[in-house]
Amino acid sequence: MPTSSPLASSQATSPEPTTDVIDAAVIEAAPLEPDDHESDHVLDDADSALGSVQSSSASFREEMIRQRREHGREYQGYMEAKYVLPMDEQELERLDFQCHLVWLTLGKQNGFAPIKSPARALDVGTGTGIWAIQFADEHPETEVLGVDLAPVQPDFVPPNLSFEVDDLEQHWNFSRKFNYIHSQLMIGAFQDWPKFFRQSYEFLEPDGYLEVHDIDFVIKCDDGSLPYDSALVRWHIHMHEAAAKAGFPLDAISKVPDMMRGAGYTDIVARPLKWPINTWPKDAKHKELGRWAMENFIWGCESMSLALFTRVLGWSAEEVSVFMAHVRNDLRNRKMHAYWNFWVIYGRKQ
């Protein structure tokens, strides 16, 4: 699995896989070729406006459903608002949008693990429940459980799906084990990843699979077109600094195969899929993924940053807002041939 600093240089490249994932099959992604025929180098608001993409009963602990309002956004209140993303309507819409981006990235599939007809499945950090609903619809034979810190899931769902509000960084107390556990976009949410892998292994049946879908929040560029002093690079530097101080590592995905192996998993497969920052790639698939990724981060960069920058780095909300305008400009700039790796990693319990 490639490992790298959260900082990107103008000569950044994707390093070769290292020997720290000896028993993981790492499937490398091919380099992207830029589209030199696009006339506009900077996308405007009209180009980027895709528009918004639109528990049966939730069991919860009382302390988890408080919300606190901060800088005009609502945050989940559990454990002093440990979740650093807002939990208001605007962010919930973005999470649905982001889930669709992942679905497109996976070739309109919900996962790659070679599961057949799992009896029980767990969706970790289910959010608005979109993935769990799709999976439950596709697998009516499977009892699906979605768990999240916030009770923001819909009431009307497939009959084989239920939701619970819980903190999965605490001790798991499920009464039965699962055949498939799915975790998506939990980077920046979990503090103790090794504990998560130990507990997920404990609560899997033999031959069950854990599958992780997540971003390596390390901006990359293979052709030197991303200036080191750009707002986009500086955003990543500040995000990693703040998240490290808050105890939420943003580069944990590079260590996931090792942590899974340490927990006992075998047959580990790790596959990077590229998220371009905008429509700069030449091939149609990555151009489309870039369009969705650009909108996701233009929409979400401020919500991702606001709590961390103000609580941890001491910025004012106004300073964050001004800086995010520069970040959004970079995200629209087709001259910057930058991307993130989005990883699909799965492993089996013997």
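## Focus: the overall build of the protein chain
Looking only at helices and strands, the protein chain features nine helices and eleven strands. Each of the 350 residues in the protein chain was classed as buried or not, and the buried ones make up 57%. When the accessible surface of the protein chain is split by element, carbon and sulfur atoms take 51% of a total near 14500 Å².

## As for the environment of Ala244
When you line up the elements, Ala244 lands in helix α6 (residues 231–246). For Ala244 and Gly188, which are 56 residues apart along the polypeptide, the C-alpha to C-alpha distance reads 9.6 Å.

## Re the side chain of Gln199
With respect to the helices and strands, Gln199 occurs in helix α5 (residues 193–202). Given a relative accessible area of 6%, Gln199 falls into the buried group. Once you skip the residues sitting within four places of it in the chain, Gln199 turns out to touch Leu168, Gln170, His171 and Trp172.

## Describing the confidence of the model for the protein chain
Residues at a pLDDT of 70 or more form 78% of the protein chain, whose mean pLDDT is 84. The model gives residues 1–5 a pLDDT under 50, and that stretch makes 22 contacts with residues more than four places away or in other chains. With pLDDT under 50 throughout, residues 8–22 is counted as low confidence; its partners more than four residues away or in other chains account for 38 contacts.

## Thoughts on unusual backbone geometry
Unlike most non-glycine residues, Lys108 shows phi in positive territory, near 60 degrees. Judged by its relative accessible area of 53%, Lys108 falls in the exposed class. Here Leu185, not a glycine, exhibits a phi torsion of approximately 55 degrees, which is positive. With respect to the secondary-structure elements, Leu185 resides in the loop between β8 (178–184) and α5.

## Here's the deal with the pattern of salt bridges
The full count for this structure, using the stated rule, is eleven salt bridges. Its salt-bridge partner being Asp251, residue Lys255 comes within 3.8 Å of it at the nearest N-O pair. Linked by salt bridges that have partners in common, Arg120, Glu143 and Arg176 make up one network.

## Regarding helix α7 (residues 256–263)
Those residues of α7 that sit buried are Val256, Pro257, Met259, Met260 and Ala263. End-on view of α7: buried residues confined to an arc of 165 degrees, all on one side of the axis. Once α7 finishes, Gly264 follows within two positions and takes phi at roughly 120 degrees, a positive value.

## Regarding the packing of α6 against helix α9 (residues 317–331)
It is the contact of α6 with α9, at a shortest axis distance of 8 Å, that shows an interaxial angle of 125 degrees. What the angle tells us is that α6 and α9 run oblique. Seen from above, α6 lies across α9 with left-handed handedness. Contacts from Ala231, Leu232, Arg234, Trp235 and His238 in α6 reach Phe323, Met324, His326, Val327, Asp330 and Leu331 in α9.

## Points about helix α8 (residues 284–311)
Since the α-helix packs 3.6 residues into each turn, any two residues three or four apart lie on the same face. Between its first and last C-alpha atoms α8 spans 40 Å; for 28 residues at 1.5 Å apiece the expected length is 40 Å, and the two agree. Along α8, the helix axis deviates most sharply at Gly300, where the bend reaches about 45 degrees. Counting buried positions over the 28 residues of α8 gives 23, a clear majority of the element.

## Focus on the packing of aromatic side chains
Across all of its chains, the model carries 24 aromatic pairs by this definition. Between Phe217 and Trp235, the aromatic rings sit 5.3 Å apart at their centres with planes inclined by 90 degrees, giving edge-to-face as the arrangement. In this pair, Phe217 is assigned in strand β9 (residues 204–221) and Trp235 in helix α6, connecting sequence segments 18 residues apart. Accessibility expressed as a relative area gives 6% for Phe217, which makes it buried. Given a relative accessible area of 0%, Trp235 falls into the buried group. Taken together through their ring pairs, the aromatic side chains of Trp172, Phe174, Phe178, Phe190, Trp193, Phe196, Phe197 and Phe203 make up a single cluster.

## Regarding the nonpolar core
Among the nonpolar cores identified, the biggest contains 79 residues, and Phe197 and Trp235 are the most heavily contacted of them. It is α8 that contributes the most residues to this core, twelve residues altogether. Formed by 16 residues, the second largest nonpolar core is a distinct cluster that contains Cys99, Phe163, Val269 and Tyr346.

## Structural notes on the packing of α5 against α7
Where α5 meets α7, the axes come as close as 9 Å, and the angle between the chain directions of the two elements is 45 degrees. Put simply, α5 runs oblique to α7. For the pair α5 and α7, the crossing hand works out as right-handed. Contacts between α5 and α7 involve Trp193, Pro194, Phe197, Arg198 and Tyr201 from the first element and Val256, Met259, Met260 and Ala263 from the second. Residues belonging to the contact of α5 with α7 are distributed by class as follows: eight nonpolar, no polar and one charged.

Criteria and cut-off values
- Here, residues in each chain are numbered from 1, in the same order as that chain's written sequence.
- Residue-level local features of this predicted model are given only where pLDDT is at least 70; pairs of side-chain atoms are given and counted only at 80 or more, and the full residue set underlies all totals for whole chains, interfaces and linings.
- As a rule here, side-chain values come from all non-hydrogen atoms in the structure, and water together with hydrogens is ignored.
- For helices the rule is a DSSP run of H or I covering at least 4 residues; for strands it is a run of E covering at least 2, with both sets numbered from the N terminus onward.
- For every residue, the accessible area (1.4 Å probe, protein chains only) is compared with the maximum for its type, and the residue is labelled buried under 20%, exposed over 50%, or partly exposed between those bounds.
- Here the accessible surface of atoms and residues is derived via Shrake-Rupley with a 1.4 Å probe, and residues count as covered only by protein chains that are part of the display.
- Any pair of residues with heavy atoms lying within 4.5 Å of one another is described as a contacting pair.
- As a per-residue quantity, pLDDT reports the predictor's confidence and falls between 0 and 100.
- Salt bridge, as used here: a side-chain nitrogen of Lys or Arg that lies within 4 Å of a carboxyl oxygen of Asp or Glu.
- Here the arc refers to the directions that run from the helix axis out to each C-beta atom.
- Note on geometry: axes are C-alpha line fits, over the in-contact stretch for helices, and angles between N-to-C directions span 0 to 180 degrees.
- Between 65 and 115 degrees an angle is taken as roughly perpendicular, under 35 as roughly parallel, over 145 as roughly antiparallel, and anywhere else as oblique.
- Throughout, a crossing is termed right-handed when the near helix is turned clockwise from the far one, and left-handed when it is turned anticlockwise from it by less than a right angle.
- Each helix should span, by expectation, one fewer than its residue count multiplied by 1.5 Å.
- Axes are fitted to the seven residues ending at a residue and to the seven starting at it; the angle between these axes is taken as the bend at that residue.
- Here the aromatic set is Phe, Tyr and Trp, taking the six-membered ring for Trp, and pairing holds for ring centres within 6.5 Å; pairs whose planes are under 30 degrees apart are stacked, those over 60 apart are edge-to-face, and all others are tilted.
- Throughout this description, the term nonpolar core refers to a set of buried Ala, Val, Leu, Ile, Met, Phe, Trp, Tyr and Cys residues connected via side-chain atoms within 4.5 Å.
- Throughout, the ten residues Ala, Val, Leu, Ile, Met, Phe, Trp, Tyr, Cys and Pro are labelled nonpolar, Asp, Glu, Lys and Arg are labelled charged, and all others, Gly among them, are labelled polar.

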